[in-house]
Amino acid sequence: MSDSWAVDVEDVSKNFGDVKALDGVTLRVRQGEIYGLLGPNGSGKTTLIRMFVGLVAPNAGTVTVLGQRMPNVAMLSHVGYMTQAAALYPGLSVEENVRFFAAINGTEGGVKAALEFVKLYDRRASVVSTLSGGMRQRLSLACALVHKPQLLLLDEPTVGVDPQLRVELWDGFKEMADAGTTIIVSSHVMDEAERCQRLGLILFGKLLTEGTPGEIRSRAGRPTLEEAFLSLSQSRA
Amino acid sequence: MSGKRVAAITKRLLQQFRRDRRTLALLFVAPIVILGLLGYLIRGSASAPAVGIANEDQGPLGATVAAALAHSSGISTTTIQSSDGDAKLKDGSLAAYIVFPPDFSSQAQAGTIAPDVHLEGSQPGTIAPVLQALQEALISAVSSQAPGQGLHVQPRISYLYGGPGFDTLDYFGAAFIGLVVFFLVFVVTIVSFLNERSQGTLERLMASPLRRGEIVLGYMLGFTVLALIQAVEVLVFALAVLKVHNSGNVALIFGIEALMAIAAVNLGIFLSMFARTEFQAVQFIPLVIVPQFLLSGILFSVSSEPKPLQLLSGVLPLTYAVNGLRDVMVRGADLSWGSLQLDVGVVAGFIVVLVIAAATTLRRRIA
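For clarity, every value in this text was computed on a predicted model and none was experimentally measured.

A.B. asks: So what exactly am I meant to see when it comes to the overall build of chain A here?
C.D. replies: The helix and strand tally for chain A stands at 8 helices and 10 strands. Computed over C-alpha atoms, the radius of gyration of chain A comes to 18 Å, within 12% of the 18 Å expected from 2.2 N^0.38 for 237 residues, which places it in the range of a compact globule. By principal-axis analysis of the C-alpha atoms, chain A measures approximately 50 × 40 × 35 Å. Accessible surface, chain A: about 10,200 Å² in total, of which carbon and sulfur atoms supply 50%. In chain A, 24 positive and 26 negative side-chain charges are present, and the distance between their average locations comes to 2 Å.

Pasting the structure below:
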């Protein structure tokens, strides 16, 4: 049964010194699901995502990704990870960056498709240091999905991306999920949260509540997700 | 011009340094370390070259000159057999030896004396004190034995290595070829690996199927390509343009340089783990490079250092590389020489240790 979970987090805790970054989090994400991690800055979202790729080891509990107990380097070629800050090589061109990330994941193809997905194919020869912040963000996304991962982890993927392109990217995410890719997104942007199939609210390292956007709204008794989020946060704070 | 605005900048600067303990430590500790090391090195060194004296003179003059040499402050003498001399030059225990031939005293009667001076020759700085001490000893000996006689002194000088045209550049050039490559490769590696960390791409690499060893090895090969091109350039310039003396195999020099470059790459990766900013990375230069520069035997030969510093020299990779380069270029060593095998082996050993250190510490600072 654990095979059906793309990500299975069991009672995970993590301390950094005195700070409890994660405190007994249990969370499961289905294959092909778009799951949104919501929470204020410093709530533990990024720590959780970094656990999915084995960059952070839990002090307690287990993390299982695509059926493999983490950390496990070999299965990382099936995971795409887009970090919060656009982590790119500024001296390389757009295409060279994507090719590099394809190569370290063991593939060569998919470069053109990835660049077209983020609407940067026309700029493929541009050197990264000449790109705007939004373009870098898109390129970073292309680097995360070029090897067609089964699990795509996006840490605030659309910061600095204009609203029109954001809509197009989300249509793309939906298509990928329909084709079986599991996507976990962390975000502050509530209209993005609306597009997730399920949401998990994280506050002070704890999973506060979990459910579809509709469930969360009705649980809080508020008309919008933003208000629901604020009221749920305050009731626990 | 507003005094308050200027003061704001000054104050901010000092506030920043208050939190950057490392920079402060560097600012105030490094000068003491470097100057202390230099002072100890120079004051504590046995600087007088070791000279062996073989007196075969059947007359009295040889013994008189030998006694005068023994009192000379510029050199320290020991009595040897002339047949042992060359071996002692080779193993480095003597910088020179002087033979007074059996007919030395009778030569003096004839008006021209010709002591045999055998110089090791690779360290130009030791030649002048030896010849000067001999000159002074001869003058004082002759004036006491045969005052007023006009006497020609024509020492027969032979060189084990180098020759009369061998100058300071020939001695330092060999070592500097290695130092230049080591220093530049180290700086470039530590800064670019730090970039990888600070721009976040290292985190991405660690979240990919890449293994730590693969990252270190990939870096090593990439920088080694650059370093080897640089090594060729430095070598060609030194040999063809500066005409630095070389009695050895050019391929062997290149091989030692390549080893140094690889060691520098791995040292750079390893130390980049301990720096958070490029600024802090640059601070490793006085800590890592300057002591090696002082202690590796480039300026002061390791055997003349005070004993405690010799121990320190013995654990620095540059010491072995410099010694190896000098063995090849000045003394014409090849791989059959035990001393060169040791040097190359030790540098290779350092590389293995540094590769392992770089790979094992790689994870620490990302998680």
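Having seen it, we continue.
A.B. asks: Is there a simple way to think about the layout of surface pockets in this case?
C.D. replies: All names here are of chain B. Its volume calculated, the largest pocket comes out at about 1,200 Å³. As for the largest pocket, its lining consists of 47 residues, and the residues nearest its centre are Gln-123, Tyr-171, Ser-301, Val-302 and Ser-303. Broken down by element, the residue count for the lining of the largest pocket peaks at 6 residues, all from helix α14 (residues 317–329). Classifying every residue of the lining of the largest pocket by side-chain character gives 20 nonpolar, 20 polar and 7 charged. Domain assignment of the residues forming the lining of the largest pocket places at least three in each of domain 1 (50–159) and domain 2 (167–366).

A.B. asks: Whenever I open this one, the interface of chain A and chain B confuses me. Can you help?
C.D. replies: By convention, interface size is frequently given as the accessible area that disappears when the constituent parts associate. Contacts between the two partners involve 23 residues from chain A, matched on the other side by 16 residues from chain B. Both faces considered, chain A and chain B share a buried interface measuring about 1,700 Å² in area, 59% of it formed by carbon and sulfur atoms. Of all residues in chain A, Leu-55, Val-73 and Ile-104 of chain A bury the most surface against chain B, accounting for 32% of the area lost on that side. Applying the counting rule to chain A against chain B returns 1 salt bridge. Residue Arg-50 of chain A pairs with Glu-203 of chain B through a salt bridge whose shortest N-O separation is 3.2 Å. Summed over the shared surface of chain A and chain B, the number is 6 residue pairs in polar contact (both at pLDDT 80 or more). Those elements that provide at least two residues to the side of chain A that touches chain B are β6 (79–82), α2 (94–104) and α4 (133–145) of chain A. Class assignment for the residues of the side of chain A that touches chain B results in 17 nonpolar, 5 polar and 1 charged.

A.B. asks: Would you explain the packing of helix α7 (residues 168–198) of chain B against helix α12 (residues 284–295) of chain B in this entry?
C.D. replies: The description of two packed helices rests on the angle between their axes and on the distance between the axes. Residue and element names in this part refer to chain B. Put simply, α7 and α12 touch, their axes get as near as 12 Å, and they point 165° apart. Of the possible angle classes, the one that applies to α7 and α12 is roughly antiparallel. Here α7 and α12 pass one another in a crossing that is right-handed. Along its contact with α7, which presents Phe-176, Leu-179, Phe-182, Phe-183, Phe-186, Val-187 and Ile-190, the element α12 presents Phe-284, Ile-285, Val-288, Ile-289, Gln-292 and Phe-293.

A.B. asks: Looking at this model, I keep getting lost on the domain arrangement of chain B. Mind explaining?
C.D. replies: Residues and elements named next belong to chain B. Domain boundaries in chain B define domain 1 (50–159) and domain 2 (167–366). Inter-centroid distance (C-alpha atoms) of domain 1 to domain 2 is 42 Å. Carbon and sulfur atoms supply 57% of the area buried between domain 1 and domain 2, which totals about 430 Å² over both sides. Seen at the junction of domain 1 and domain 2, the total is 1 salt bridge. Glu-120 is paired through a salt bridge with Arg-331; the nearest N and O atoms lie 3.1 Å apart. One can count 1 residue pair in polar contact (both at pLDDT 80 or more) joining domain 1 with domain 2. Tallied by class, the residues present in the side of domain 1 that touches domain 2 amount to 1 nonpolar, 2 polar and 1 charged.

A.B. asks: Looking at this structure, how should I read α14 of chain B?
C.D. replies: Residue pairs spaced three or four apart in an α-helix point in one direction, given the helix's 3.6 residues per turn. All names here are of chain B. When the terminal C-alpha atoms of α14 are compared, their 19 Å separation across 13 residues agrees well with the 18 Å that a helix rising 1.5 Å per residue should span. In terms of residue burial, α14 counts as a mostly covered element, since 12 of its 13 residues are buried. Of the positions making up α14, those classed as buried are Pro-317, Leu-318, Thr-319, Tyr-320, Ala-321, Val-322, Gly-324, Leu-325, Arg-326, Asp-327, Val-328 and Met-329. On its buried side, α14 packs onto α7, α9 (212–241), α10 (250–272), α12, α13 (307–313) and α15 (338–361).

A.B. asks: So what exactly am I meant to see when it comes to the pattern of salt bridges here?
C.D. replies: Close approach of charged atoms allows side chains with opposite charge to pair. The final tally for this structure, using the stated rule, is 18 salt bridges over all chains. Between Glu-33 of chain A and Arg-198 of chain A there is a salt bridge, and its shortest N-O distance comes to 2.6 Å. Highlighted residues: Glu-33 of chain A in the loop between β2 (19–30) and β3 (34–38) and Arg-198 of chain A in strand β9 (residues 198–203), separated in sequence by 165 residues. When sorted by exposure, Glu-33 of chain A lands in the same class as Arg-198 of chain A, which is buried. Across the pair Arg-331 of chain B and Asp-327 of chain B runs a salt bridge whose closest N-O atoms are separated by 2.9 Å. The exposure classification of Arg-331 of chain B matches that of Asp-327 of chain B, with both residues buried. One network of salt bridges, with partners in common, ties together Arg-30, Glu-33, Arg-198 and Glu-210 of chain A.

The rules behind these values
- Residues numbered from 1 in each chain as written.
- Chains lettered and ligands numbered in written order.
- Predicted model: local features only at pLDDT ≥ 70, side-chain atom pairs only at ≥ 80, totals over all residues.
- Heavy atoms only, no water.
- Helix = DSSP H or I, 4+ residues; strand = E, 2+ residues; numbered from the N terminus.
- Rg over C-alpha atoms; globule rule 2.2 N^0.38 Å.
- Areas by Shrake-Rupley, 256 points an atom, 1.4 Å probe, with all protein chains shown as cover.
- Lys, Arg positive; Asp, Glu negative; His and termini not counted.
- Charge placed at Lys NZ, Arg CZ, Asp CG, Glu CD.
- 1 Å grid on protein atoms, 1.4 Å probe; cavity = no way out; pocket = protein on both sides within 12 Å on 5 of 7 lines; lining within 4 Å.
- Points joined across faces, edges and corners; volume = space filled by probe spheres on them.
- Nonpolar A, V, L, I, M, F, W, Y, C, P; charged D, E, K, R; others polar.
- Domains from an automatic or database assignment.
- Contact = heavy atoms within 4.5 Å.
- Buried area = accessible area lost by both parts, 1.4 Å probe.
- Salt bridge = Lys/Arg side-chain N within 4 Å of Asp/Glu carboxyl O.
- Polar contact = N/O pair within 3.5 Å; in protein donor to acceptor, adjacent residues only side chain to side chain.
- Axes fitted to C-alpha atoms, helices over the stretch in contact; angles between N-to-C directions.
- Parallel < 35°, antiparallel > 145°, perpendicular 65-115°, else oblique.
- Left-handed = near helix turned anticlockwise from the far one by under 90°.
- Expected span 1.5 Å × (residues − 1).
- Buried < 20%, exposed > 50% of the residue type's maximum accessible area, 1.4 Å probe, protein only.

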